[in-house]
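# An overview of the molecular structure
In case you want the letters, here they are:
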Amino acid sequence: MMIDFLNAIVALSNFVLIPAIAYGSQLALGALGVTLVYGVLRFSNFAHGDTMAFGTMTVILFTWWFQSMGISIHPLPTALLALPFGIAVTALLLLGTDRVVYRFYRKQKAQPVIYLIVSLGVMFILNGLVRFIIGPGDQRFADGERFIMKARDFKAMTGLKEGLAIKTSQSITLVTAIIVVIALFWFLNRTRTGKSMRAFSDNEDLALLSGINPERVVIYTWLIVAALATIAGTLYGLDKSFKPFTYFQLLLPIFAAAIVGGLGSPLGAIAGGFVIAFSEVMITYAWKKVLTYLMPDSLDPSGLVQLIATEYKFAISFVILVIVLLFRPTGLFRGKAL
Amino acid sequence: MIRVENLHKQFGGFRAVDGATLEIASGSITGLIGPNGAGKTTLFNVIAGVHSPSGGKVTLDGEDITGLPPHELFHKGVLRTFQIAHEYGSMSCRENLMMVPADQSGETLWNTWFGRKRIADEERALRAKADEVLEFLTIEHLADHKAGQVSGGQKKLLELGRTMMVDAKIVFLDEVGAGVNRTLLNTIGDAIIRLNKERGYTFVVIEHDMDFIGRLCDPVICMAEGKVLAEGTLSEIKANEQVIEAYLGTGLKNKQKEEA
Ligand SMILES: Nc1ncnc2c1ncn2[C@@H]1O[C@H](COP(=O)(O)OP(=O)(O)O)[C@@H](O)[C@H]1O
Ligand SMILES: [Mg+2]
């Protein structure tokens, strides 16, 4: 009986908790980027998914280059070494886009809906650019040790029937996400630049009249967004794989996370990321195994006990989004200003 | 000295400021009065760079500052407050004041990481200054309160406090007294006079309370329908035929509107 319970917990951790924590961290980092753009520049950046794809692509290219030169940081994936370079290139891309595209509309004080359409255009361009450079196919770039703990070792160690596997990419995701979030909050709350970003986001008119240079705030915002997008994309790619179309699809859960948490609220973006990730994983998980351990034999489920097939997982973000907005239109954390 | 020459501002076809010409002498506390909708706030907004003018020219000590963006005007010492108080709601009153002086060392990424000591020194000085300003305004007890949660009148004081964080040349105050009780209004009045005397600030004050205007301002400028009607001492203004008519005129118009 006790053993059954332990097995159930291990199975739950292995198939639900650990994957959802990793996925949630990736969504949270993605949603932070969306929420920063919304908080400071006041528009919904539909190009964010493809910015993540572009960032990841540059990281992959640098990774391949390092690999070809025999540079590695085994047992960690080479991609971590390539990350700063990917961020730098992505930052240049975003600053360039801002210079060429967004600044024009900022000068005109364009409506948010116009920005939104413009960001759709940027999205298509980035989308094409990424496919042109690296191709539309699947790319695997994870090297180094694949597992921190293998299911087989866990079974041998504990004698349980169920195994617990922890992938390196999952732990790297969690650790990186924690470091990034701490650094971001420190930056926003403790540094002068971060405070001027918050001030600008809170009350643009007042910020301008206190001598805060809006162009500078915008530049810093894009720099941070580049870092967040590249890190989120790379972590996701390490954990799953890199395919441009998947990143475009990620836009939905990421926006759902940002909106559920409250657009413009960094804390909300993080909470939203985990809400969406856990719902998605739990609703598409086949609970048969866990229930079999927990229920008396006579009540063992016959079907898979899967609420929704994995193919429909994107619908889940959408449903949660609608439910939250119905009951709390401002999102969990009352967004708007950083 | 600020000179405004033949300034125009149109919203669509509507002329909110319609050829205003006026001069603000350095060291003065100039009152700006006029019925609602006269274009006073719009005039401020155009001078302060919030709106670009449809025509005309603004000069500061002979330098053309027409249409400069607000943050550049700020660096030239041209500051303003808002008719409806603005604040950073999620920051404390002290932090609100500490946001003001721009171009602090902490604003470059380099210093954020490598100039910690310089930033710390600067912040300490800034904090002391903010506390000094809060005390001057008799709201030192609000230092750690969230600015979004203090009263409307206290927010107005905070607006004034913001202008004290730097060495301003000229400060435009838009309806400092609106929604402020008598005692607080007197505190604001005292602060304005002291700043004018001790630090040489020039003020332009929009206010509907004539006692307040009378106590502080000389000269007083009266606007109506986007134009400057008259300039002089308050008693001269009060005796001016055109001014009386302008105030009466809107009175009549409002009555007609109510009846319609
Ligand atoms: N942004 C704007 N868009 C359109 N009309 C405006 C705008 N700002 C002010 N106005 C109009 O300009 C006129 C003058 O307004 P305002 O300058 O606020 O007057 P005052 O401050 O003297 O009461 C009003 O009729 C107002 O409706
Ligand atoms: Mg007004």
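These lines cover the structure that appears in this document, whether it is placed above or below.

Cut-offs used in this document
- Residues numbered from 1 in each chain as written.
- Chains lettered and ligands numbered in written order.
- Predicted model: local features only at pLDDT ≥ 70, side-chain atom pairs only at ≥ 80, totals over all residues.
- Heavy atoms only, no water.
- Helix = DSSP H or I, 4+ residues; strand = E, 2+ residues; numbered from the N terminus.
- Buried < 20%, exposed > 50% of the residue type's maximum accessible area, 1.4 Å probe, protein only.
- Contact = heavy atoms within 4.5 Å.
- Areas by Shrake-Rupley, 256 points an atom, 1.4 Å probe, with all protein chains shown as cover.
- Near = heavy atom within 4 Å.
- Polar contact = N/O pair within 3.5 Å; in protein donor to acceptor, adjacent residues only side chain to side chain.
- Nonpolar A, V, L, I, M, F, W, Y, C, P; charged D, E, K, R; others polar.
- Pairing = 2+ DSSP bridges.
- Axes fitted to C-alpha atoms, helices over the stretch in contact; angles between N-to-C directions.
- Donors = N, O, S within 2.8 Å, 3.2 Å for Na, K, Ca; no water.
- Buried area = accessible area lost by both parts, 1.4 Å probe.
- Salt bridge = Lys/Arg side-chain N within 4 Å of Asp/Glu carboxyl O.

## Concerning the overall build of chain B
- Within chain B one finds 10 helices and 10 strands.
- By the burial criterion, 51% of the 260 residues in chain B qualify as buried.
- For chain B, contacts bridging at least 24 residues in sequence account for 69% of all contacts bridging at least 6.
- Accessible surface, chain B: about 12000 Å² in total, of which carbon and sulfur atoms supply 51%.

## A few points about the site of ligand 1
All names here are of chain B.
- Residues in close proximity to ligand 1 include Phe11, Phe14, Ala16, Pro35, Asn36, Gly37, Ala38, Gly39, Lys40, Thr41 and Thr42, which together make up its full environment.
- Separating an oxygen atom of ligand 1 from a backbone N or O atom of Ala38 is a distance of 3.2 Å.
- At 2.9 Å, a backbone N or O of Lys40 approaches an oxygen atom of ligand 1.
- Of all the secondary-structure elements, those providing two or more residues to the shell around ligand 1 are strand S2 (14–24) and helix H1 (40–47).
- By residue number, the principal contributor to the shell around ligand 1 is H1, which donates 3 residues.
- When the residues that make up the shell around ligand 1 are grouped by side-chain class, the tally is 5 nonpolar, 5 polar and 1 charged.

## Observations concerning the sheet that holds strand S5 (residues 63–64) of chain B
Residues and elements named next belong to chain B.
- The 4 strands lie next to each other as S2-S1-S4-S5, forming an open sheet whose pairing is antiparallel. Edge strands, defined here as strands with exactly one partner in the open sheet, are S2 and S5.
- Sheet strands in contact with H1 are strand S1 (2–11), S2 and strand S4 (55–60), and its direction is about 110° off that of S1.

## Some thoughts on the coordination of the magnesium ion (ligand 2)
Residue and element names in this part refer to chain B.
- Within the protein, Thr41 (OG1) and Gln83 (OE1) serve as the donor atoms for the magnesium ion (ligand 2), at 2.0 to 2.3 Å. Of this pair, Thr41 sits in helix H1 while Gln83 sits in the loop between strand S6 (78–80) and helix H3 (93–98); the two residues are 42 residues apart in sequence, bridging distant segments of the chain.
- With a relative accessible area of 26%, Thr41 lands in the partly exposed category.

## Focus: the interface of chain A and chain B
- Each partner contributes to the interface: chain A provides 26 residues, whereas chain B provides 31 residues.
- Summing the contributions of chain A and of chain B, the shared interface buries around 2500 Å²; its carbon and sulfur component is 57%.
- For the chain A face of the interface with chain B, the top three residues by lost area are Arg192, Leu206 and Leu209 of chain A, together amounting to 30%.
- Where chain A meets chain B, there are 1 salt bridge.
- Of the charged contacts, one joins Lys195 of chain A and Glu95 of chain B as a salt bridge, the two residues approaching to 3.6 Å between their closest N and O atoms.
- Inspection of the region where chain A meets chain B yields 5 residue pairs in polar contact (both at pLDDT 80 or more).
- Only helix H6 (168–190), helix H7 (192–202), helix H8 (204–209) and helix H9 (214–239) of chain A provide two or more residues apiece to the side of chain A that touches chain B.
- No other element matches H7 of chain A, which puts 7 residues into the side of chain A that touches chain B.

## Focus on the sheet that holds strand S8 (residues 202–206) of chain B
All names here are of chain B.
- Strands sit in the order S6-S7-S8-S3-S9-S10 across an open sheet of 6 strands; the sheet is mixed. At either end of the open sheet lies a strand with only one pairing partner, and these are S6 and strand S10 (227–232). Going from strand to strand, the sheet's axes swing by 20° on average, the running direction of each strand aside.
- Across 5 bridges, the pairing between strand S9 (residues 220–224) and S10 is antiparallel. For Val220, the partnering residue across the bridge sits in S10 and is Gly232.
- On top of the sheet, H1 reaches strand S3 (29–33), S6, strand S7 (170–174), S8 and S9; it is set at about 145° to S7, its chief contact.

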